[in-house]
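# Fold and geometry: a report
The chain contents come next:
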Amino acid sequence: MVDGERLPGAPAREERIVLHVDMDCFYASCERRREPELRGEPVVVGMGYEPGETVGAVATASYEAREYGVESAQAIGAALDNLPRKADEPDNPDAGYYRPVDLDFYQDVGSSVKEILYELGDTVREVSIDEAYLDVTDRTAWDVADGFARHVKQRIHREVGVPASVGVAPDMSTAKLASDYDKPDGLVVVEPDEVREFLAPIDVADVHGIGPVRARELREMGIETAGDLASADPYELTDRFGDRGRDLYRRARGEDNRPVEPRGKPKSLSRESAFDGATDDFERVREQVATLAEAVADRATRKDAFYRTIGVKVVTPPFDVHTRAESLPGPVDDAGLVDDVTQDLLGEFAGESVRKVGVRVSNLDFSEREQASLDGFESDGDADDGRTERGRGDSTGGRERGGTQRDGQISLDDFE
Ligand code: DCP
Ligand code: MG
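Backbone-to-backbone hydrogen bonds join strands into a sheet, with any given pair of strands oriented parallel or antiparallel. Taken in spatial order, the five strands of this open sheet run β5-β6-β1-β7-β8, and their pairing is mixed. The sheet is open, and its two borders are formed by β5 (123-128) and β8 (187-189), each paired with just one other strand. Averaged over all neighbouring strand pairs, the angle between strand axes comes to 15°, with direction disregarded. Two strands pair when backbone bridges link them, and strand β7 (residues 164-169) and β8 are joined in this way by three bridges, in the parallel orientation. In the strand pairing of β8, glycine 167 is matched with valine 188.

This paragraph deals with the site of ligand 1. In the vicinity of ligand 1, 15 residues are found, and the nearest of them are Cys25, Thr60, Tyr63, Arg66 and Asp130. With respect to ligand 1, the backbone of cysteine 25 contributes an N or O atom lying 2.8 Å from an oxygen atom. The contact in question runs from an oxygen atom of ligand 1 to an N or O atom on the backbone of phenylalanine 26, over 3.0 Å. A total of 550 Å² of accessible area belongs to ligand 1 in isolation, and the protein chains cover 80% of it. Of all the elements in the fold, those that place two or more residues in the shell around ligand 1 are β1 (18-23), α1 (26-34), β3 (58-61) and α2 (63-66).

Right, let's talk about the nonpolar core for a bit. Ranked by internal contacts, the top residues of the largest apolar core, which has 39 residues, are Leu19, Val21, Tyr27, Tyr106, Val152 and Ile156. With eight residues, the top contributor of residues to this core is helix α4 (residues 103-120). What tyrosine 106 contacts, discounting residues up to four positions off in sequence, is Phe26, Tyr27, Cys30, Glu31, Val45, Pro100, Val101 and Ile129. Core analysis: the next-biggest nonpolar cluster, separate from the first, contains 29 residues, Ala175, Ala178, Val190 and Leu229 among them.

The buried fraction of α1 is high, at seven of nine residues. Where α1 is concerned, the buried positions are Phe26, Tyr27, Ala28, Ser29, Cys30, Glu31 and Arg32.

Attention now goes to the coordination of the magnesium ion (ligand 2). Binding of the magnesium ion (ligand 2) to the protein goes through Asp22 (OD), Met23 (O) and Asp130 (OD), at separations of 2.0 to 2.2 Å. Every donor counted, the six donor atoms about the magnesium ion (ligand 2) form angles of 82 to 176° at the centre, which fits octahedral coordination. The sequence motif formed by the donor residues of the magnesium ion (ligand 2) is D-M-x106-D. Of this pair, methionine 23 sits in strand β1 while aspartate 130 sits in the loop between β5 and β6 (131-135); the two residues are 107 residues apart in sequence, bridging distant segments of the chain. Each member of the pair methionine 23 and aspartate 130 is classed as buried.

A few words on the packing of α1 against α4. Where α1 contacts α4, the two axes come as close as 10 Å, and the packing angle between them is 90°. With respect to α4, the axis of α1 lies roughly perpendicular. Between α1 and α4, the contacting residues are Phe26, Tyr27, Cys30, Glu31, Arg33 and Arg34 on the first element and Leu103, Phe105, Tyr106, Val109 and Gly110 on the second. Its residues placed into classes, the contact of α1 with α4 shows seven nonpolar, one polar and three charged.

Compared with the 26 Å implied by 1.5 Å per residue over 18 residues, the 25 Å span of α4 between its first and last C-alpha is a close match. Looking only at α4, the buried set comprises Leu103, Asp104, Phe105, Tyr106, Gln107, Val109, Gly110, Val113, Lys114, Ile116, Leu117 and Leu120.

Using the criterion set out here, one finds five aromatic pairs in the structure. Measuring from centroid to centroid gives 4.3 Å for tyrosine 27 and tyrosine 106, while their planes differ by 25°, and the two rings are stacked. Of the two residues, tyrosine 27 is situated in helix α1 and tyrosine 106 in helix α4; the sequence distance between them amounts to 79 residues. Tyrosine 106 shares its class with tyrosine 27; the two are buried. Ring pairs connect the aromatic residues Phe26, Tyr27, Phe105 and Tyr106, which therefore count as one cluster. If you follow arginine 66 out to its NZ or CZ, it ends over the ring of tyrosine 63, 4.0 Å from the centre.

This part is about the sheet that holds strand β11 (residues 320-332). Pairing in this open sheet of four strands is antiparallel, and the strands run β9-β12-β10-β11 from one edge to the other. The outermost strands of the open sheet, each flanked by one partner alone, are β9 (268-279) and β11. Shown here is a sheet whose adjacent strand axes are inclined to one another by a mean of 10°, direction ignored. Pairing geometry for strand β10 (residues 307-316) and strand β12 (residues 354-362), over seven bridges, is antiparallel. By the bridge assignment, isoleucine 310 is partnered in β12 with valine 361. Against the sheet, helix α12 (residues 282-302) makes contact with β9, β10 and β12, and its axis sits at roughly 160° relative to β9, the strand it touches most.

It is worth spelling out the confidence of the model for the protein chain at this point. Taken residue by residue, the protein chain gives an average pLDDT of 85. The fraction at 70 or more is 85%. For residues 369-416, every residue scores under 50 in pLDDT, and the model assigns this stretch 82 contacts once sequence neighbours within four places are set aside.

Counted residue by residue, β7 has six buried out of six residues, so it is predominantly covered. In this structure, β1 lies alongside β7, joined through six bridges in antiparallel fashion. From the neighbouring strand, valine 21 faces β7, where its bridge partner is valine 166. For the crossover that starts at β7, traverses helix α6 (residues 172-181) and ends in the parallel β8, the hand is left-handed.

Conventions used here
- Residues numbered from 1 in each chain as written.
- Chains lettered and ligands numbered in written order.
- Predicted model: local features only at pLDDT ≥ 70, side-chain atom pairs only at ≥ 80, totals over all residues.
- Heavy atoms only, no water.
- Pairing = 2+ DSSP bridges.
- Helix = DSSP H or I, 4+ residues; strand = E, 2+ residues; numbered from the N terminus.
- Axes fitted to C-alpha atoms, helices over the stretch in contact; angles between N-to-C directions.
- Near = heavy atom within 4 Å.
- Polar contact = N/O pair within 3.5 Å; in protein donor to acceptor, adjacent residues only side chain to side chain.
- Areas by Shrake-Rupley, 256 points an atom, 1.4 Å probe, with all protein chains shown as cover.
- Core = buried A, V, L, I, M, F, W, Y, C linked by side-chain atoms within 4.5 Å.
- Buried < 20%, exposed > 50% of the residue type's maximum accessible area, 1.4 Å probe, protein only.
- Contact = heavy atoms within 4.5 Å.
- Donors = N, O, S within 2.8 Å, 3.2 Å for Na, K, Ca; no water.
- Tetrahedral: all angles 85-135°; square planar, octahedral: opposite > 155°, others 65-115°.
- Parallel < 35°, antiparallel > 145°, perpendicular 65-115°, else oblique.
- Nonpolar A, V, L, I, M, F, W, Y, C, P; charged D, E, K, R; others polar.
- Expected span 1.5 Å × (residues − 1).
- Phe/Tyr/Trp six-rings, centres within 6.5 Å; stacked < 30°, edge-to-face > 60°.
- Lys NZ or Arg CZ within 6 Å of the ring centre and 35° of its normal.
- pLDDT = per-residue confidence, 0-100.
- Right-handed = clockwise from strand over helix to strand, strands pointing away.

Given below as structure tokens:
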């Protein structure tokens with residue numbers, strides 16, 4: 001749509017107020033919440049830094065640790081070169097605190113943040129464990145948007161105890177750039193008539209939807225900034241990149257009409273939990289699975305989800321992931337059955353040392369109870385899930401560089 005043109009009755013772009021929240025150094029902030037002595041210190045969250053371990057990656061680093069050149073996805077060896085462990089060098093003022101990834105804990109913290117966001121936005125789109133868009137058009141107005149954004153930050157801080165950066169703009173793409181603009185603890189409001197000016201100096205590589213390859217191609221065309229992109233020839237961009245070129249051109253002009261829509265229904269629901277190291281106490285494993293089974297069944301009930309498949313995941317040392325699932329004749333919502341089936345499936349692993357367990361229900365059905373049995377075969381969540389798990393278990397992916405990210409993302413899907 002050309003500037004200024006709109007369908008009769010459609011809201012003008014400037015009538016929308018979109019807020020983007022992205023938590024600051026999220027995993028590190030979660031660690032600080034339960035270990036306040038880490039506040040103000042360089043903190044690295046990752047895998048593979050214990051003596052004897054050689055492979056692993058940084059999931060995130062606190063802003064203090066970033067000063068030393070530590071960053072997400074960096075190989076752990078490189079991180080340790082930049083910032084030694086305080087545990088190894090207690091007297092070194094330039095040493096930092098390393099902590100392992102505890103995704104379950106971060107998921108819990110992330111869920112508490114999301115609960116607040118659902119209260120504050122008319123619609124919410126969760127993007128990842130630490131990031132979401134809110135449509136707040138009917139909750140605030142441009143002249144008080146700054147105060148509204150501050151309120152969002154304060155509620156998260158007060159009720160959950162972790163810092164967030166917030167951006168407010170008339171579209172999703174600009175709101176995301178705004179939340180990133182003044183991190184950490186950022187608060188940036190870009191009003192409709194400031195969008196072009198705000199975007200102009202931003203590097204093309206930072207425009208949403210432009211990866212490193214496309215950024216390089218754009219630079220070859222002499223397009224370095226969003227401002228350059230906004231004033232490029234849209235036909236040339238379409239020739240070169242197809243419809244995508246046109247989208248990027250519009251995004252660089254702040255013409256991102258995507259509505260803030262909630263994500264679709266999840267394919268499965270799961271919870272998992274790691275032991276400190278591995279345990280040989282199978283009674284403990286059974287109890288943990290029972291707790292998880294109850295939590296998953298409860299989640300399904302709260303989401304009005306029926307499930308046809310119930311499964312367990314058992315991780316044995318070093319990183320071997322085993323999944324077992326049982327499919328039922330029809331969709332159910334039955335916590336007792338989740339408990340029975342998971343305990344039954346678990347029996348096979350009696351006597352093994354276990355480092356992590358998980359419970360999942362899949363083949364979900366969100367239709368009414370009467371229709372549930374008709375639609376039970378809609379999707380084969382099992383096949384999907386199996387692929388994911390095998391991907392983690394059979395390769396050394398979880399231990400390679402960047403492995404922590406994949407680990408996080410896979411589990412994230414479960415919680416969407
Ligand atoms: N993450 C990861 N591996 C990566 C990138 C991220 O495991 N390569 C995890 C750790 C982060 C979390 O995802 O804490 C959120 O990712 P962000 O990109 O939002 O990064 P942070 O929240 O850590 O930092 P920032 O303050 O830049 O948002
Ligand atoms: Mg973040």
